[in-house]
Amino acid sequence: MDTGKVKHPQIGVGVDPRPATVKLGNATLQAAKIVKVNSGSPANKAGLKVGDDVIRFDGQQIGSPPSDSLIGYVRAHSVGDKVTLTIVRGGKQQDVSVTLGEASSS
């Protein structure tokens, strides 16, 4: 608030609002399916891709509805925070480090 406005964190993805699950081994996990990655966004810079399934945000399991769960986790952080998204891509789990950016006010 030093500048007179609030900075809202973002990763720069669009997520399917419908509940999604992903199979990983014998487990079926809730997931937030990425349907859009904004050009130049923190997610784009981190290498996230359309079709990736986010299953954890900094170790916290994605809940239902997945889009609200992911948004809630992002908003609980600050611009510039470095977070780890655990994703499933092509049936394989991997961790992706993302530095949260500032959401555009326009």
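Residues numbered from 1 in each chain as written. Predicted model: local features only at pLDDT ≥ 70, side-chain atom pairs only at ≥ 80, totals over all residues. Heavy atoms only, no water.

(A) Up close: the overall build of the protein chain. What the protein chain contains, in helices and strands, is two helices and nine strands. Its helices and strands in sequence order give the protein chain the pattern β-β-β-β-α-β-β-α-β-β-β, from N to C terminus. Relative to its full complement of 106 residues, the protein chain shows a buried share of 37%. By sequence separation, contacts in the protein chain at least 24 residues apart represent 54% of the contacts at least 6 residues apart. Here the protein chain displays about 6,100 Å² of accessible surface, and carbon together with sulfur accounts for 47% of that area. Distance from the positive charge centre (13 side chains) to the negative charge centre (9 side chains) of the protein chain: 6 Å. (Helix = DSSP H or I, 4+ residues; strand = E, 2+ residues; numbered from the N terminus. Buried < 20%, exposed > 50% of the residue type's maximum accessible area, 1.4 Å probe, protein only. Contact = heavy atoms within 4.5 Å. Areas by Shrake-Rupley, 256 points an atom, 1.4 Å probe, with all protein chains shown as cover. Lys, Arg positive; Asp, Glu negative; His and termini not counted. Charge placed at Lys NZ, Arg CZ, Asp CG, Glu CD.)

(B) Layout of the pairing of strand S4 (residues 27-37). Sheet topology note: the strand S2 (residues 13-15)/S4 ladder contains three bridges and is antiparallel. Looking at S4, one finds that Gly14 is bridged to Lys36. From the end of strand S3 (residues 20-24) to the start of S4, which pair antiparallel, there are two residues, and Gly25 there has a positive phi angle of about 65°. Pairing geometry for S4 and strand S5 (residues 53-57), over two bridges, is antiparallel. Residue pairing across strands places Ala32 opposite Val54, the latter belonging to S5. (Pairing = 2+ DSSP bridges.)

(C) Expanded view of the nonpolar core. One finds Ile11, Val13, Leu48, Val54, Leu70 and Leu85 to be the most contacted residues of the largest nonpolar core, which totals 19 residues. Contributions of two or more residues to this core are made by S2, S4, S5, helix H2 (66-75), strand S7 (82-89) and strand S8 (92-99). With near-sequence residues (within four places) excluded, Leu70 lies in contact with Ile11, Val13, Val15, Ala32, Val54, Phe57 and Ile62. If you look at the next biggest cluster of nonpolar residues, it comprises six residues, including Val22, Leu24, Ala31 and Ile55. (Core = buried A, V, L, I, M, F, W, Y, C linked by side-chain atoms within 4.5 Å.)

(D) Inspection of the pattern of salt bridges at higher detail. Tallying each qualifying case throughout the model produces three salt bridges. For Asp16, the salt bridge goes to Arg18, with nearest N and O atoms at 2.7 Å. For Asp16, a relative accessible area of 12% puts it in the buried group. In this structure, the salt-bridge partner of Lys33 is Asp53, at a minimum N-O distance of 3.0 Å. Taken together, the positions of Lys33 in strand S4 and Asp53 in strand S5 put the pair 20 residues apart, joining distant regions of the chain. For Lys33, a relative accessible area of 30% gives the class partly exposed. A relative accessible area of 8% means that Asp53 is categorised as buried. (Salt bridge = Lys/Arg side-chain N within 4 Å of Asp/Glu carboxyl O.)

(E) How the structure looks around the side chain of Asp16. Secondary-structure assignment places Asp16 in the loop between S2 and S3. Within the structure, Asp16 has its side chain in polar contact with the side chain of Arg18 (distance 2.7 Å). Residues in contact with Asp16, not counting those within four places in the same chain, are Lys33, Val35, Pro66 and Ser67. (Polar contact = N/O pair within 3.5 Å; in protein donor to acceptor, adjacent residues only side chain to side chain.)

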